Amino acid sequence: MTPDAPLALLAELTHRCPLRCPYCSNPLELAKASEELGTDEWARALREAAELGCLQVHLSGGEPTARRDLPDIVAAARAAGLYTNLITAGVTLDAAKLEGLVAAGLDHVQLSVQDAQAEGAERIGGLRGAHARKREAARLVMAAGLPLTVNAVVHRQNLHNLPALIELALEWGAGRLEVAHVQYHGWALANRAALLPTRAMLEEATRTVDAARGRLNGRLVIDHVVPDYHAVRPKACMGGWGRRFLAISPRGDILPCHAAESIPGMVFPNVRDKSLRDAWTHAEAFNRFRGTAWMPAPCRGCAHAERDWGGCRCQAAALLGDAAQTDPACALSPHHAMLREALDAAGETAFAYRG
Ligand code: SF4
Ligand code: SF4
């Protein structure tokens, strides 16, 4: 059966980044600059993504502005008819760079923040002076007339500042705020004991978001997704494996999700020798967990199977050593108790920075 077209492409242009966030979802082994796809290879991949049916591209990393050819990549995406969203930490986004990106046709900017005040934000991101540079980046984005989303990554060490993060998003001019709980892949899994919030913290955050949504209706849209470790049902990770999204890593691997390279033993096609259409339609890696036929009990026959698609394959691989099992975030999984044990063991204050 031919799968439906993907809606969006996550283009991970580089793993280079001036920040060192302890929750970074980049793999523990980062791609070197010399291994990254070139400008022409990205341009071809973007054309193929549009031909396959993608409507938008998220230009991400690492820090995508670390690439000098970013305006060329934006222009190639626009020429292919894709809506372009830049996902940036903002610390290297100066006026000249933004001007080049706007001229190339950039549509939207998503700016990450590590905390509401400089001291905490710079401790978490591991870069002095970063917060003021992010504020300046937001000002430049607003001056350029681009829509701005603030992406506030929240966890045990900054959730108490959620009200201030909402104020920051308003003050910086964002139309949307993503309250993004850490996903425990890559560096975040290694730092889980320092980052997992308590149930009380999550409940307080939910009350804060609900109140702000009422108060700021029409001014700020706030997205808030409950973190896996406190859920009873898993999220439909990526909208289901190979159903809605695809990602390309800096080295050109074509992935059903940006964390999929963390699954041991899986081999992914590469844009250097496969078209996106061929990879999306035929690659074993895309078909392996597509749909419901692969599912074991308790997913097999479950009424939620076509809602959450069995949860996250990367999380099952990371926690159970087997990507083909039910995500332990599901309360029906026989392994669900291990998430409760991780929550009970959390409370470290020290964390290791991303390499
Ligand atoms: S999470 Fe932090 S370190 Fe990782 S790419 Fe984003 S800004 Fe850089
Ligand atoms: S058993 Fe599987 S399909 Fe059912 S709710 Fe849990 S993860 Fe979803």
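Residues numbered from 1 in each chain as written. Chains lettered and ligands numbered in written order. Predicted model: local features only at pLDDT ≥ 70, side-chain atom pairs only at ≥ 80, totals over all residues.

(A) Highlighting the overall build of the protein. Check the secondary structure of the protein and you find 14 helices and nine strands. Counting all 355 residues of the protein, 48% fall into the buried class. Taking all contacts inside the protein whose residues are at least 6 apart in sequence as the whole, residues at least 24 apart take part in 73%. (Helix = DSSP H or I, 4+ residues; strand = E, 2+ residues; numbered from the N terminus. Buried ≥ 20, exposed ≤ 12 C-beta atoms within 10 Å, placed from the backbone. Contact = placed C-beta atoms within 7 Å.)

(B) Representation of the site of ligand 1 in the model. In the vicinity of ligand 1, the contacting residues are C17, L19, R20, C21, C24, N26, G61, G62, E63, A89, S112 and R354. Residue composition of the shell around ligand 1, by class: five nonpolar, four polar and three charged. (Near = placed C-beta within 6 Å. Nonpolar A, V, L, I, M, F, W, Y, C, P; charged D, E, K, R; others polar.)

(C) A look at helix 6 (residues 162-171). Within the span of helix 6, buried status applies to L162, L165, I166, L168 and A169. Angularly, the buried residues of helix 6 cover 155 degrees about the axis, an arc narrow enough to put them on a single face. Those residues of helix 6 hidden inside the fold are in contact with strand 4 (108-113), strand 5 (148-154), strand 6 (176-181) and helix 9 (199-215). Immediately beyond the C-terminal end of helix 6, within one or two residues, lies G173, with a positive phi of roughly 95 degrees. (Arc of directions from axis to C-beta.)

(D) Representation of the nonpolar core in the model. By size, the foremost hydrophobic cluster in this structure holds 102 residues, and its most contacted members are L9, L46, A49, V57 and V150. Leaving out residues up to four positions away in the same chain, L9 has contacts with A49, C54, V57, L246 and I248. (Core = buried A, V, L, I, M, F, W, Y, C linked by C-beta atoms within 7 Å.)

(E) Local environment of helix 5 (residues 130-143). If you check helix 5, its first and last C-alpha atoms are 20 Å apart, about what 14 residues at 1.5 Å a residue would give, namely 20 Å. When helix 5 is considered as a whole, its buried residues turn out to be A130, H131, K134, A137, A138 and V141. Within helix 5, the buried residues cover an arc of 115 degrees as seen down the axis, which keeps them to one side. Buried positions along helix 5 lie against helix 3 (95-104), strand 4, helix 4 (118-125) and strand 5. Of the residues flanking the end of helix 5, it is G145, one or two places downstream, whose phi is positive at about 80 degrees. (Expected span 1.5 Å × (residues − 1).)

(F) Expanded view of the pairing of strand 3 (residues 83-88). Burial runs high along strand 3: five of the six residues are buried. Bridge count for strand 2 (residues 56-60) against strand 3 is four bridges, and the pairing is parallel. Following the sheet pairing, H58 is matched in strand 3 by N85. Read as a crossover between parallel neighbours, the route from strand 2 over helix 2 (residues 70-79) to strand 3 is right-handed. Here strand 3 runs beside strand 4; their pairing, made up of four bridges, is parallel. Looking at strand 4, one finds that I87 is bridged to Q110. In this view, the connection linking strand 3 to its parallel neighbour strand 4 by way of helix 3 has right-handed handedness. (Pairing = 2+ DSSP bridges. Right-handed = clockwise from strand over helix to strand, strands pointing away.)

(G) Region of the structure containing the packing of helix 1 (residues 39-52) against helix 2. Between helix 1 and helix 2, the least distance of the axes is 9 Å, while the angle of their chain directions is 20 degrees. As judged from the angle between their axes, helix 1 and helix 2 are roughly parallel. The chirality of how helix 1 crosses helix 2 is right-handed. Here helix 1 contributes T39, W42, A43 and L46 to the contact with helix 2, which in turn contributes D72, I73, A76 and A77. Classifying every residue of the contact of helix 1 with helix 2 gives six nonpolar, one polar and one charged. (Axes fitted to C-alpha atoms, helices over the stretch in contact; angles between N-to-C directions. Parallel < 35°, antiparallel > 145°, perpendicular 65-115°, else oblique. Left-handed = near helix turned anticlockwise from the far one by under 90°.)

(H) Molecular detail of the environment of S25. Relative to the helices and strands, S25 resides in the loop between strand 1 (8-12) and helix 1. Owing to 21 C-beta atoms within 10 Å, S25 belongs among the buried residues under this scheme. Placed 164 residues apart in sequence, S25 and L189 show a C-alpha to C-alpha distance of 8.9 Å. What S25 contacts, discounting residues up to four positions off in sequence, is Q183, H185, G186, A188, H258 and A259.

(I) Up close: the pairing of strand 8 (residues 245-248). Of the two faces of strand 8, the one carrying F245 and A247 and the one carrying L246 and I248 are both buried. Of the strand pairs in this sheet, strand 1 and strand 8 are connected by four bridges, and their pairing is parallel. Residue pairing in the sheet places A11 in a bridge with I248 of strand 8. As defined by bridge partners, strand 8 adjoins strand 9 (residues 254-255) across two bridges and the pair is classed as antiparallel.

(J) Geometry of the sheet that holds strand 6. Overall, mixed pairing links the nine strands, which are arranged 7-6-5-4-3-2-1-8-9 in an open sheet. Of all strands in the sheet, those with a lone pairing partner are strand 7 (221-224) and strand 9, marking the two edges. Sheet topology note: the strand 1/strand 2 ladder contains five bridges and is parallel. Across the sheet, A11 pairs through a bridge with L59, a residue of strand 2.

(K) Fine view of the environment of R44. Inspection of the secondary structure assignment puts R44 in helix 1. In sequence terms R44 and F268 are 224 residues apart; their C-alpha atoms lie 18 Å from each other.

(L) Structural view of unusual backbone geometry. Following G61, the chain continues into G62 via a peptide bond in cis, with omega recorded as 10 degrees. A cis amide bond links A297 to the next residue, P298, at an omega of 5 degrees. Within the chain, M238 stands out as a residue other than glycine whose phi angle is a positive 55 degrees. With respect to the secondary-structure elements, M238 resides in the loop between strand 7 and strand 8. The exposure class assigned to M238 is buried, which follows from the 25 C-beta atoms found within 10 Å. A positive phi angle, close to 55 degrees, is found at W309, a residue other than glycine. Within the element layout of this structure, W309 appears in the loop between helix 12 (305-308) and helix 13 (313-320).

Don't take any of this as a statement about function, it's just geometry.
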